[in-house]
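A structural walkthrough
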Amino acid sequence: MQARLKTLGHLRLLAESGEDIVFPEKALLILSYLTARGLPDIPRADAAALFWDDANPAAAYASLRQTVSRVQKRQRDLSRSFLIFTDSTIALGPERIESDLDAIGENAPLALLAERLTEDFLKNIRPDTQALTKWIALQRASHMALLRNALLEGSRQATGASRQVRSAAALRLLEANPDDDEVRSVLTGHIVTPRPSLMTVQPSACLPVQDHVEIAPARQNPPRIVLLPPATNHASRAAAGFSEALIEDVTIGLCALRSISIIAPHTAAQIAGQTDRAATYERHKISYILETRLRGEGAGHTLFAQLIFFGSDEVIWAERFPLSSDGLLRSRQMIAHRIAGAIATGIEDNELVRSGYEGDANAYRNFLFGQGQLKNLDLRDIRRARKSFRDALQLQAGFAPALSGLARSYFLEWLVTARGDEALLHQAEIHAQDAIRADERLPSGYRELGVVKLYSRQFDESAHYLDRAEALSPHYANVIASYADTLVQASRPDEGLKKIEHAIDLNPLPPDEYFWTAASAAYSLGRYEEALAYISQMKDKDPVHRLSAACWAMLGDMKKARLFVRRTYDINPNFDFNAWMAVVPIKEEWHRQHYREGLKKAGFK
């Protein structure tokens with residue numbers, strides 16, 4: 001048995017059992033270089049310049065000697081010899097290594113290339129030298145050229161690979177080069193006049209280190225969209241197969257558009273598995289995300305689809321499709337057509353305001369940091385978010401999303417500190433108005449102004465501004481959640497609960513404030529156990545200890561009620577019950593007395 005070197009995607013050396021062999025990264029890079037080029041060895045001088053420092057030979061040699069020492073020790077520990085070091089060369093050792101590049105060449109079948117080349121060569125390596133950067137880029141270009149040639153040749157001959165294989169190969173190529181009309185024609189069936197491709201096979205496996213090859217600068221890409229694999233929620237096998245095929249149909253349909261760039265399905269599947277998706281979207285420069293969920297409902301199913309603009313975490317389109325169990329296959333193409341059309345229209349409309357998010361890349365990055373920090377109802381995170389928004393405005397004055405973020409940060413501080421500080425609400429109102437003046441097309445400014453008006457007890461004005469925000473973006477979960485809060489505080493908790501449930505449906509992994517609003521609505525309706533169930537879903541429960549205490553008191557569990565009273569004072573020793581009740585924005589007296597009753601029973605004075 002022999003070890004296997006994996007160079008496509010994450011660089012790894014695998015044992016015969018499939019487990020990782022821990023080995024220095026630079027040594028793995030040397031193995032990759034030798035196996036990819038078919039060389040038995042490389043001069044030490046070339047290795048030092050290629051992998052360490054091509055401008056400082058002395059430093060490069062010092063780093064090389066350290067790596068050689070580490071590799072030799074590691075090979076002794078493993079009782080294996082992958083590399084042999086002499087005074088002048090680094091050579092492949094007697095241990096045979098199988099590489100994932102072994103079968104990749106001009107005569108490789110399309111099915112093999114499509115299966116192997118789903119990820120870039122040395123995807124996660126950050127080269128330290130210009131020479132290594134160029135060699136890796138040329139290797140990747142060579143792989144795409146091989147895949148392209150195999151796809152087009154097979155398409156012309158109308159033989160060989162299946163439709164699924166051809167589609168996967170075409171989508172991978174269009175992810176790398178959205179302007180390739182010949183590849184697009186394989187998906188759409190529209191014949192185009194061949195033109196010279198940017199992807200020509202380079203003799204990359206034979207390039208000497210010192211060769212100078214210019215790499216063309218990357219083109220400015222159109223907005224990128226990722227279609228995440230569908231969530232099936234224990235639906236039937238037929239329904240799950242339907243949803244997967246549906247995403248494939250939508251993806252192929254969207255590839256007919258040159259105004260957007262599609263993330264290939266293999267990459268989309270990896271993104272779906274990431275724990276921190278927001279960071280992944282930013283790293284891949286993704287602007288739009290399509291999410292679909294298929295749910296079984298009796299004898300049929302319901303498909304829910306939504307398109308999210310990452311810049312504002314806004315749902316710009318959403319729709320439900322009722323499906324009968326016997327009509328899944330018949331309705332697939334119709335639904336795929338409707339979804340693709342809605343995506344194209346939604347993105348086209350949204351691009352009118354997208355330039356505001358991308359005017360300054362660093363400003364946008366600071367805005368995203370702030371957005372992430374505001375998901376936690378912790379005073380330190382709220383103030384960190386405020387700093388991020390201010391940093392964004394320093395780089396791009398009048399950046400409306402950052403102004404809305406500032407308004408949100410002041411309101412959340414007012415809410416969490418529970419001191420009734422009018423200055424905080426005043427600052428929130430100023431920044432919300434500034435956001436509207438900066439861009440009246442964005443719903444976030446109206447949302448924040450509506451929230452401020454609510455907590456200033458201007459209930460009608462609050463509803464007016466939130467109506468405006470919802471009209472601008474009818475599927476924006478954050479706007480709907482704020483509107484729900486207004487309805488609850490306006491003593492319409494039944495309507496508020498329905499609206500916040502809709503917001504949670506749009507945003508299944510919501511920030512804590514969604515659950516806080518739902519819990520408040522449930523308490524107001526006398527459904528105390530339901531309120532506690534919502535509270536239990538919050539990541540940070542500290543801000544709702546008052547409501548927890550009231551719920552347990554109304555349920556008659558005074559021990560737990562007293563526990564949450566103590567926790568409230570532990571966090572905020574200066575909490576003044578009467579002052580808080582004086583500023584809580586509740587419209588009807590029955591509603592206020594109901595809340596007061598629970599807090600008084602719990603032990604607040």
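The paragraphs below set out a description of the structure included in this document. Being a predicted model, the structure only gives us computed values, none of them experimental.

Here we look at the sheet that holds strand 6 (residues 97-99)
- Overall, mixed pairing links the three strands, which are arranged 2-1-6 in an open sheet. Here the strands that pair on one side only, and so sit at the sheet edges, are strand 2 (12-14) and strand 6. Ignoring strand direction, the axes of neighbouring strands in this sheet form an average angle of 25°.
- Of the strand pairs in this sheet, strand 1 (residues 3-6) and strand 2 are connected by three bridges, and their pairing is antiparallel. Bridging across to strand 2, leucine 5 finds its partner in leucine 13.
- Sheet contacts for helix 1 (residues 25-37): strand 1, strand 2 and strand 6; angle to strand 1, the most-contacted strand, approximately 90°.

Description of the nonpolar core
- Among the nonpolar cores identified, the biggest contains 91 residues, and Val226, Phe411, Ile500, Tyr523 and Tyr595 are the most heavily contacted of them.
- If one sorts the elements of this core by residue count, helix 14 (residues 400-417) sits on top with nine residues.
- Setting aside residues up to four positions removed in sequence, tyrosine 595 forms contacts with Tyr523, Arg546, Leu547, Trp580, Met581, Val584 and Ile586.

A closer look at the environment of arginine 80
- The topology assignment puts arginine 80 in the loop between helix 3 (57-78) and strand 4 (83-85).
- Taking C-alpha positions, arginine 80 is 8.8 Å from proline 94, a pair spaced 14 residues apart along the chain.
- Those residues in contact with arginine 80 that sit more than four places away from it in its chain are Ala3, Glu16, Ile21, Gln75 and Glu95.
- In terms of polar contacts, arginine 80 uses its side chain to reach the side chain of glutamate 16, at 3.0 Å.

So, the side chain of threonine 292
- Considering the arrangement of structural elements, one finds threonine 292 in strand 9 (residues 288-297).
- Not counting the four nearest positions on each side in its chain, threonine 292 is found in contact with Leu228, Pro230, Ala231, Ile247, Leu303, Phe304 and Ala305.

Some words on the environment of phenylalanine 121
- As for its position among the elements, phenylalanine 121 is in the loop between helix 4 (110-116) and helix 5 (130-157).
- Not counting residues within four places of it along the chain, the set of residues in contact with phenylalanine 121 comprises Thr7, Leu8, Leu101, Trp135, Ile136, Gln139, Arg140 and His143.

A word on the packing of aromatic side chains
- Here the structure, examined in full by the defined rule, presents 19 aromatic pairs.
- With 5.7 Å between their ring centres and 65° between their planes, phenylalanine 367 and phenylalanine 399 make a pair best called edge-to-face. Remark: phenylalanine 399 occurs in the loop between helix 13 (379-395) and helix 14 and phenylalanine 367 occurs in helix 12 (residues 361-373); sequence separation between them is 32 residues. Both residues of the pair, phenylalanine 367 and phenylalanine 399, belong to the buried class.
- Taking 6.0 Å as the distance between ring centres and 65° as the angle between the ring planes, the aromatic pair formed by tyrosine 569 and phenylalanine 575 counts as edge-to-face.
- Among the aromatic residues, ring-to-ring pairing joins Tyr33, Phe51, Trp52, Phe121 and Trp135 into one connected group.
- Just above the ring of tyrosine 410 sits the side chain of arginine 386; from NZ or CZ to the centre is 4.0 Å.
- Looking at arginine 468, its charged tip hangs above the ring of tyrosine 446, at a distance of 5.4 Å from the centre.

Looking at empty space enclosed by the protein
- This model, assessed by the stated rule, comprises two cavities of 30 Å³ or more.
- Here the largest cavity defines a volume of roughly 420 Å³.
- What lines the largest cavity is a set of 29 residues, and nearest its centre among them are Tyr455, Asp485, Gln489, Trp516 and Ser520.
- Its volume calculated, the second largest cavity comes out at about 40 Å³.
- Counted by class, the lining of the second largest cavity contains five nonpolar, one polar and one charged residues.

Details of the pattern of salt bridges
- Considering all chains together, one arrives at 32 salt bridges under this definition.
- Close ionic contact of aspartate 381 with arginine 384 constitutes a salt bridge, the shortest N to O distance being 2.8 Å. Of the two residues, aspartate 381 and arginine 384 both sit in helix 13, three residues apart, roughly one turn of that helix.
- Exposure remark for aspartate 381: the relative accessible area of 17% places this residue in the buried category.
- Glutamate 495 serves as the salt-bridge partner of arginine 492, at 2.9 Å between the closest nitrogen and oxygen.
- Since its relative accessible area comes to 36%, glutamate 495 is described here as partly exposed.
- Within this structure, Asp120, Arg172, Glu175 and Arg224 form a network of salt bridges that share partners.

A word on the packing of helix 2 (residues 44-51) against helix 3
- As a packed pair, helix 2 and helix 3 sit with axes 9 Å apart at the nearest point and diverge in direction by 105°. Overall, the two elements helix 2 and helix 3 adopt an arrangement that is roughly perpendicular. Each of Arg44, Ala45 and Ala48 in helix 2 lies in contact with helix 3, whose residues at this interface are Ala60, Tyr61, Leu64 and Val68.
- Of the residues belonging to the contact of helix 2 with helix 3, the class tally is six nonpolar, no polar and one charged.

Rules and cut-offs
- Residues numbered from 1 in each chain as written.
- Predicted model: local features only at pLDDT ≥ 70, side-chain atom pairs only at ≥ 80, totals over all residues.
- Heavy atoms only, no water.
- Pairing = 2+ DSSP bridges.
- Helix = DSSP H or I, 4+ residues; strand = E, 2+ residues; numbered from the N terminus.
- Axes fitted to C-alpha atoms, helices over the stretch in contact; angles between N-to-C directions.
- Contact = heavy atoms within 4.5 Å.
- Core = buried A, V, L, I, M, F, W, Y, C linked by side-chain atoms within 4.5 Å.
- Buried < 20%, exposed > 50% of the residue type's maximum accessible area, 1.4 Å probe, protein only.
- Polar contact = N/O pair within 3.5 Å; in protein donor to acceptor, adjacent residues only side chain to side chain.
- Phe/Tyr/Trp six-rings, centres within 6.5 Å; stacked < 30°, edge-to-face > 60°.
- Lys NZ or Arg CZ within 6 Å of the ring centre and 35° of its normal.
- 1 Å grid on protein atoms, 1.4 Å probe; cavity = no way out; pocket = protein on both sides within 12 Å on 5 of 7 lines; lining within 4 Å.
- Points joined across faces, edges and corners; volume = space filled by probe spheres on them.
- Nonpolar A, V, L, I, M, F, W, Y, C, P; charged D, E, K, R; others polar.
- Salt bridge = Lys/Arg side-chain N within 4 Å of Asp/Glu carboxyl O.
- Parallel < 35°, antiparallel > 145°, perpendicular 65-115°, else oblique.

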